[in-house]
Amino acid sequence: MAESIEAIEASKVAEEVGRGAGIGRVVEGFRAYRMISAMWIRSTMTYRFSFFMTTLGNFTATSLDFVAIMLMFSRVDGLGGYGLPQVAFLYGLSSVAFGLADLTLGSMEKLGRRVRDGTLDTLLVRPAPVLAQMAADQFGLRRLGRITQGVLVLGYALATVDIDWTPAKLLLMPVMIVSGAGIFGAVFIAGAAFQFVAKDASEVQNAFTYGGTTMLQYPPTVFATEMVRGVTFVLPLAFVNWLPATYVLGLPIPLGLPQWVAFLPPLVAAGCCAAAGAAWRAGLRSYQSTGS
């Protein structure tokens with residue numbers, strides 16, 4: 001009996017130690033990310049004119065997507081039952097959420113190249129989590145151009161769209177953006193984990209990141225029902241903006257789902273991040289270097 005009690009106590013102590021180590025690892029990762037990204041920001045700001053021009057270029061390039069939508073609406077009054085202000089609302093939410101994820105984790109798409117040329121090994125021997133090092137590597141402050149453009153479009157949408165505001169809808173606005181960034185961030189990490197196996201799959205990853213945000217900029221009513229189901233129940237990108245945004249706009253929820261699904265983005269984002277973390281750890285364990 002005494003031995004069993006001691007075993008239970010020992011397991012509890014081990015569990016507490018493991019939990020403490022896990023929390024410490026997360027803190028260490030955030031610290032490493034902050035230090036590496038700060039280094040790249042200082043490097044970028046050394047050449048301020050170059051930073052300004054690249055950010056302006058990023059802003060202009062991403063703006064062309066919305067210009068295409070405006071040109072489309074110069075010929076039609078609606079798109080899938082949505083007017084221009086409503087489409088701008090979807091566009092702004094998707095762009096800002098994706099822009100935040102791209103700013104913080106966009107460098108993950110370069111993992112395949114590091115795996116192929118063996119430079120990932122240099123990150124493995126450093127006393128910092130590989131995920132933090134990879135995410136902060138060559139931190140691209142120029143990506144603020146996409147976020148700025150998305151904020152401007154979202155501001156236009158909020159100024160022109162007719163919304164019956166309630167406390168729940170007001171609360172849902174920042175929740176949508178933060179949760180959407182979390183969902184896109186999980187896709188970035190999961191895509192990087194896949195590159196441990198595929199070695200050269202950055203374009204596959206881009207299909208779900210850049211392709212996903214482009215799709216979400218348009219109303220769900222213009223896509224086939226099977227596509228909407230896929231991005232709701234398989235790869236839950238619909239929780240970035242389609243499901244909560246239609247609730248805010250007072251439009252029918254896609255697939256006839258109940259209104260309470262509009263408040264699920266935080267839970268979906270947490271689940272996606274947990275799954276992406278598990279995929280990353282599995283991919284990192286399977287890495288065998290280049291052998292050179």
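The structure we're discussing is the one just above.
Rules used in this analysis
- Residues numbered from 1 in each chain as written.
- Predicted model: local features only at pLDDT ≥ 70, side-chain atom pairs only at ≥ 80, totals over all residues.
- Heavy atoms only, no water.
- Salt bridge = Lys/Arg side-chain N within 4 Å of Asp/Glu carboxyl O.
- Helix = DSSP H or I, 4+ residues; strand = E, 2+ residues; numbered from the N terminus.
- Buried < 20%, exposed > 50% of the residue type's maximum accessible area, 1.4 Å probe, protein only.
- Phe/Tyr/Trp six-rings, centres within 6.5 Å; stacked < 30°, edge-to-face > 60°.
- Lys NZ or Arg CZ within 6 Å of the ring centre and 35° of its normal.
- Disulfide = S-S within 2.5 Å.
- Contact = heavy atoms within 4.5 Å.

Quick look at the pattern of salt bridges
For step 1, the next point in the chain: The final tally for this structure, using the stated rule, is two salt bridges.
For step 2, the next point in the chain: Among the ionic pairs, Asp102 bridges to Arg143, the shortest N-O distance being 3.6 Å. Taken as a pair, Asp102 in helix H3 (residues 84–105) and Arg143 in the loop between helix H6 (130–136) and helix H7 (144–160) lie far apart in primary sequence, 41 residues in all. Just as Asp102 is buried, Arg143 falls in that class too.
For step 3, the next point in the chain: Asp137 is the partner of Arg114 in a salt bridge, and the nearest nitrogen-oxygen pair spans 3.1 Å. Of this pair, Arg114 sits in helix H4 (residues 111–117) while Asp137 sits in the loop between H6 and H7; the two residues are 23 residues apart in sequence, bridging distant segments of the chain.

Section: the packing of aromatic side chains
For step 1, the next point in the chain: Within the structure shown, the criterion is met by 10 aromatic pairs.
For step 2, the next point in the chain: A centroid spacing of 6.3 Å and a plane angle of 80° characterise the contact between Tyr33 and Phe139, whose relative ring orientation is edge-to-face. Of this pair, Tyr33 sits in helix H1 (residues 2–45) while Phe139 sits in the loop between H6 and H7, and the two are 106 residues apart along the sequence. As far as the burial class goes, Tyr33 and Phe139 line up, both buried.
For step 3, the next point in the chain: On the numbers, 5.1 Å between centres and 65° between planes, the contact of Phe98 with Tyr210 is edge-to-face. Here Tyr210 lies in helix H9 (residues 202–216) and Phe98 lies in helix H3, a separation of 112 residues in the sequence.
For step 4, the next point in the chain: Members of the aromatic cluster, each reached through a chain of ring pairs, are Phe98, Phe184, Phe188 and Tyr210.
For step 5, the next point in the chain: Taking NZ or CZ as reference, Lys169 lies 5.8 Å from the ring centre of Tyr247, over its face.

Considerations on the state of the cysteines
Linking two cysteines covalently through their sulfur atoms gives a disulfide.
For step 1, the next point in the chain: Counting across every chain of the model gives zero disulfides.
For step 2, the next point in the chain: Free cysteine Cys272: the closest other cysteine sulfur is in Cys273, separated by 7.0 Å.
For step 3, the next point in the chain: Taking the relative accessible area as the measure of exposure, Cys273 reaches 39% and is therefore partly exposed.

As for the side chain of Ser94
For step 1, the next point in the chain: Note that Ser94 resides in helix H3.
For step 2, the next point in the chain: In contact with Ser94, not counting residues within four places along its chain, are Phe184, Thr213, Leu216, Gln217 and Asn241.

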